Amino acid sequence: MSPPVSARPALVALLLCAASAIAADPLPRFTEEREAAALHFVRKHCPELVPMLDELKKSNRPAYEQQVRETFQVTELLADLRDDPKRHDLELKIWKAENKAMVLVAKLATPKEDARKAVEEQLQGLAKELVQLEVQTIEHRAELLEQELTAAKDELAKARDNLDRSVKERYEALLEKARKKRNGS
């Protein structure tokens, strides 16, 4: 289902706003291979976005290419998170919810009051989901930082426990270095 003609300008504006919300990382250049990868990703994870992209491709090619570049960048960022499956899952869920919300916002341009109310209810649900996902992401980050802090505290305790031995080893290593320099080796 493509958006109504009256919603198309709003759709283009919405996609352009979403484009500016992406991180400041420079976007990869547009290629057919990246377009195919981005469209595959969209079809797999947010198929309701496909008609909007098709419309954007016809009506505003530069904005379409920008959206494809941003989507491809998201796929690359998600690929970098493979070693942290929980964060990968959370970030993918956030991307999906944000894009579903973008589709719903474009549908708000409908002149029918009852259809608009249904869309607003769905949008309310997605807003709640996004906030919950953001909280989960922060909780996950806090868990990782807690683990890192625990490891650093353990390392610090070991360093303090072995302080005298470490000083002696470092002193001996410095003396050996000085001897080598004196002997010309």
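Basis of the calculations
- Residues numbered from 1 in each chain as written.
- Predicted model: local features only at pLDDT ≥ 70, side-chain atom pairs only at ≥ 80, totals over all residues.
- Heavy atoms only, no water.
- Core = buried A, V, L, I, M, F, W, Y, C linked by side-chain atoms within 4.5 Å.
- Buried < 20%, exposed > 50% of the residue type's maximum accessible area, 1.4 Å probe, protein only.
- Helix = DSSP H or I, 4+ residues; strand = E, 2+ residues; numbered from the N terminus.
- Contact = heavy atoms within 4.5 Å.
- Axes fitted to C-alpha atoms, helices over the stretch in contact; angles between N-to-C directions.
- Parallel < 35°, antiparallel > 145°, perpendicular 65-115°, else oblique.
- Left-handed = near helix turned anticlockwise from the far one by under 90°.
- Nonpolar A, V, L, I, M, F, W, Y, C, P; charged D, E, K, R; others polar.
- Salt bridge = Lys/Arg side-chain N within 4 Å of Asp/Glu carboxyl O.
- pLDDT = per-residue confidence, 0-100.

I would appreciate a short explanation of the nonpolar core in the present structure.
Across soluble globular proteins, you tend to see nonpolar side chains buried next to one another. By size, the foremost hydrophobic cluster in this structure holds 23 residues, and its most contacted members are F41, V42, L49, L53, Y64, L78 and W95. For this core, the secondary-structure elements that each account for two or more residues are α2 (32–45), α3 (50–59), α4 (61–80) and α5 (85–107). Of all the elements, α4 adds the most residues to this core, at six residues. Non-local contacts of L78, meaning those with residues more than four positions away in its chain, are made with F41, H88, E91 and L92. One finds L90, I94, L130 and L133 within the second-largest nonpolar core, a separate group that totals 10 residues.

Can you walk me through the packing of α5 against helix α6 (residues 113–161) in this structure?
Packed helices, taken two at a time, are described by their axes: the angle between them and the distance between them. Running from amino to carboxyl end, α5 crosses α6 at an angle of 160 degrees, the nearest separation of the two axes being 9 Å. Judged by the angle between their axes, α5 and α6 are roughly antiparallel. Crossing of α5 against α6: the hand is left-handed. When its residues are assigned to classes, the contact of α5 with α6 shows 11 nonpolar, four polar and 10 charged.

Before we go on, may I ask you to explain the pattern of salt bridges in this structure?
Side chains carrying opposite charge are able to pair once their charged atoms draw close together. According to the stated counting rule, one finds nine salt bridges in the structure shown. A salt bridge links E65 to R61, with the nearest nitrogen and oxygen atoms 3.0 Å apart. Note that E65 and R61 are positioned in helix α4 at a spacing of four residues, about one turn of the helix. The class of R61 is partly exposed, set by a relative accessible area of 32%. Of the charged contacts in the structure, one is a salt bridge between R87 and E91, with a shortest N-O distance of 3.5 Å. Placement of both R87 and E91 in helix α5 is noted, with a separation of four residues, approximately one turn of the helix. Assessed through its relative accessible area of 34%, R87 is described here as partly exposed. Salt bridges linked by common partners bring E113, R116 and K117 together as one network.

Whenever I open this one, the side chain of N99 confuses me. Can you help?
Looking at where N99 falls in the secondary structure, it is placed in helix α5. N99 has contacts with C46 and L49, leaving out every residue within four places of it along the chain.

Help me out: how do you make sense of the environment of M52 in this one?
Residue placement: M52 occurs in helix α3. Residues M52 and Y64 lie 12 residues apart in sequence; the distance between their C-alpha atoms is 9.6 Å.

Looking at this structure, how should I read the confidence of the model for the protein chain?
In low-pLDDT regions, the fine details of the predicted coordinates are not to be read closely. When pLDDT is averaged across the protein chain, the result is 87; 86% of the residues are at 70 or more. Ranking the elements of the protein chain by mean pLDDT puts helix α1 (residues 8–21) last with 44 and α2 first with 97.

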